[in-house]
Amino acid sequence: IYVGHFMSSWGDRMWYFAIPLFLMDLDPNSLFLTAAYGLTLSASVLLFAPLVGDWIDRTERLRALVISLVIQNMSVITSATILLLNREFGDNEADYAIAIKISALLLGAIAILASTATQIILQKDWIVVIAAKRTDFLTGLNAMMRRIDLFTKILSPLACGQIMAVATLTGGAIFILCWNTASMFAEYFLLKSVYNRTPALAVKDEITEKNNHKKEKPVKKKKSVFQKMFGFILVIKDGWKLYMDQVIALAGLGMAFLYLTVLGFGYVTTSYAYNQCFSEFLVGITLASAGFTGIVGTFIFPILSSRFGLVKAGLYSGIFQVLTLIPCIASVFVSGILEFPPPESFLSMWLLVGGLVAARAGLWSFDLTITQLYQENVVESERGIVNGVQTSLNMLMDLLMYIAVLFLSKPDEFGILVLASSAAVTTGYIFYGVFTFRVGKRFDKPKTPKAENVKPV
């Protein structure tokens with residue numbers, strides 16, 4: 001599981017780093033194509049993640065994984081091949097260039113949906129079955145998976161960037177092609193081995209297969225034209241209703257609000273740092289530091305969970321992140337952040353960056369709490385669609401954040417975004433706090449002292 005997840009995550013991070021460069025190479029005079037690519041991916045996840053989740057619930061585990069794995073890697077391989085061939089032999093001004101641009105957008109949308117499916121299958125379902133109701137073991141699995149994510153997030157772009165610096169975009173594209181091709185086969189054999197060694201994973205498949213046979217014989221009811229054309233809308237509607245019926249929906253809503261913020265290290269905040277005279281070196285150090293504190297958070301989470309229980313671990317992680325908002329808010333009122341041109345003093349930027357770096361520990365610890373709450377409290381047959389809706393909700397908040405940036409796009413308005421983001425993060429943890437005090441006790445069962453230390457035969 002760990003090796004397969006590492007290979008998949010490393011490939012994803014390389015592609016996320018490389019694709020904006022390929023798109024800029026395709027259309028060097030405008031950011032329109034890059035923006036359209038980001039919007040296409042976000043809209044695809046927002047609209048279709050519930051459908052992907054519903055498909056996962058209705059499909060045998062191994063079959064769903066193989067299909068997702070192949071589609072994800074083949075989409076990247078095909079897109080990289082097209083962009084590589086156009087770079088070497090094509091003409092960006094030719095009539096067919098528009099077809100290449102559209103294919104990049106469509107293949108990107110397919111790849112992100114397949115990647116979403118793979119993540120739901122492995123991280124929200126398979127490892128739950130593998131843990132076999134051993135809470136501490138599941139906590140350790142989740143923490144290690146997140147460490148791998150953060151580790152690849154730091155090192156994969158550095159490695160890919162170094163390859164491109166030496167061998168240009170062409171060399172980078174060839175390396176990504178080779179990696180995804182090898183990774184697709186390696187991941188399949190690794191995860192097939194996990195499937196064969198875990199008989200419990202086949203239980204759902206046997207039930208699904210029986211249900212499919214039962215559905216074949218009865219006389220099928222004729223579907224209306226509306227159902228044929230817009231059936232997917234009904235699936236999405238039912239998915240959202242199912243999500244809101246979950247006892248942990250309030251906690252998931254709190255998590256979604258953490259996406260309604262510029263207080264991270266995405267494109268917006270990184271661009272602002274450059275605008276405020278942060279050099280590439282300082283930005284790199286900042287990103288690496290944020291990755292390190294995020295990894296620290298994955299070590300803190302198991303300790304908090306073991307000591308205080310899962311729900312309170314999330315509460316304490318949230319309180320810590322809210323406290324890190326103090327220097328971020330203070331940076332707005334320190335000379336610098338509301339000034340333009342860039343200030344002579346870096347005090348406001350250091351306050352902002354310091355708060356953001358420290359917040360990663362609380363954020364990733366809280367993220368692991370939400371992950372495990374969903375793993376342990378969503379019915380097995382509904383894990384796919386419920387997690388698909390959660391992913392869609394997260395993306396909705398992310399899109400709202402970008403819309404806010406469009407209206408407050410000047411550097412001297414960034415302070416307003418910081419204050420609004422602080423309010424959104426605080427709101428998210430208020431939702432989680434309400435969840436904790438309403439139903440938290442039924443989740444955190446007291447552990448019997450010493451009895452759990454007895455090793456099973």
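Residue numbers restart at each chain and count upward from 1, following the sequence in its written direction. Residues qualify for local features only when their pLDDT is at least 70, as the model is predicted, and side-chain atom pairs are given and counted only at 80 or more; totals for whole chains, interfaces and linings, by contrast, use all residues. Heavy atoms throughout the structure, all of them, feed into the side-chain values; hydrogens and water do not.

Throughout this description, the term nonpolar core refers to a set of buried Ala, Val, Leu, Ile, Met, Phe, Trp, Tyr and Cys residues connected via side-chain atoms within 4.5 Å. Burial classes: relative accessible area under 20% of the type maximum marks a residue as buried, over 50% as exposed, and values in between as partly exposed (1.4 Å probe, protein chains only). Ranked by internal contacts, the top residues of the largest apolar core, which has 51 residues, are L352, I370, L373, F414, Y432 and F435. Every element with two or more residues in this core is listed here: α8 (249-257), α9 (267-275), α10 (280-308), α11 (310-323), α12 (325-333), α13 (347-377), α14 (383-407) and α15 (414-439). Note on conventions: DSSP H or I runs of at least 4 residues are helices, E runs of at least 2 residues are strands, and numbering of each starts at the N terminus. Counting residues per element, this core draws most heavily on α13, at eleven residues. One finds L26, A49, A80 and C160 within the second-largest nonpolar core, a separate group that totals 48 residues.

Let us look at the pattern of salt bridges. A pair is scored as a salt bridge if a Lys or Arg side-chain nitrogen falls within 4 Å of a carboxyl oxygen belonging to Asp or Glu. In this structure the tally under the stated criterion is eight salt bridges. Note that D125 and R383 form a salt bridge whose closest N and O atoms lie 2.7 Å from each other. Of this pair, D125 sits in helix α4 (residues 97-131) while R383 sits in helix α14, and the two are 258 residues apart along the sequence. Among the ionic pairs, D367 bridges to R146, the shortest N-O distance being 2.7 Å. Of this pair, D367 sits in helix α13 while R146 is found in helix α5 (residues 135-197), placing the two residues 221 residues apart along the sequence. Of the two residues, D367 and R146, neither departs from the other in class, the shared state being buried. The network of salt bridges with common partners includes R61, D125, E380 and R383.

Whether two aromatic rings pair depends on their centres lying within 6.5 Å, for rings of Phe, Tyr and Trp, where Trp uses its six-membered ring; planes under 30 degrees apart make the pair stacked, over 60 edge-to-face, and the rest tilted. Applying the stated criterion across every chain, the model contains twelve aromatic pairs. With centroids separated by 6.0 Å and ring planes inclined at 35°, the aromatic side chains of W126 and Y195 adopt a geometry described as tilted. One end of the pair, W126, is in helix α4; the other, Y195, is in helix α5, and 69 residues separate them in sequence. Like Y195, W126 is buried. Taking the centre distance of 6.2 Å and the plane angle of 65° together, the rings of W240 and Y243 count as edge-to-face. Taken together, the residues W240 and Y243, both in helix α7 (residues 225-244) and three residues apart, mark about one turn of the helix. According to the relative accessible area criterion, W240 is partly exposed, its value standing at 26%. An aromatic cluster of three or more residues is present, and its members are F6, W10, F175 and W179.

The subject of this paragraph is the environment of T293. Topologically, T293 is positioned in helix α10. For the pair T293 and V357, spaced 64 residues apart in sequence, the C-alpha to C-alpha distance is 6.7 Å. The contact rule is simple, with two residues in contact once any of their heavy atoms fall within 4.5 Å. Apart from the residues lying within four places of it in its own chain, the contact partners of T293 are V357, R360 and A361.

Another aspect to go through is the confidence of the model for the protein chain. For every residue, the predictor reports its confidence as pLDDT, a number between 0 and 100. Confidence in the prediction of the protein chain, expressed as mean pLDDT, is 84, and 86% of residues score 70 or more. The spread of mean pLDDT over the elements of the protein chain runs between helix α6 (residues 201-216), the lowest at 60, and α11, the highest at 95. Low pLDDT, under 50, characterises residues 225-229; the predicted model gives this stretch four contacts beyond four residues in sequence or across chains. Between residues 446-457, whose pLDDT stays under 50, and residues either more than four places distant or in other chains, the model counts five contacts.

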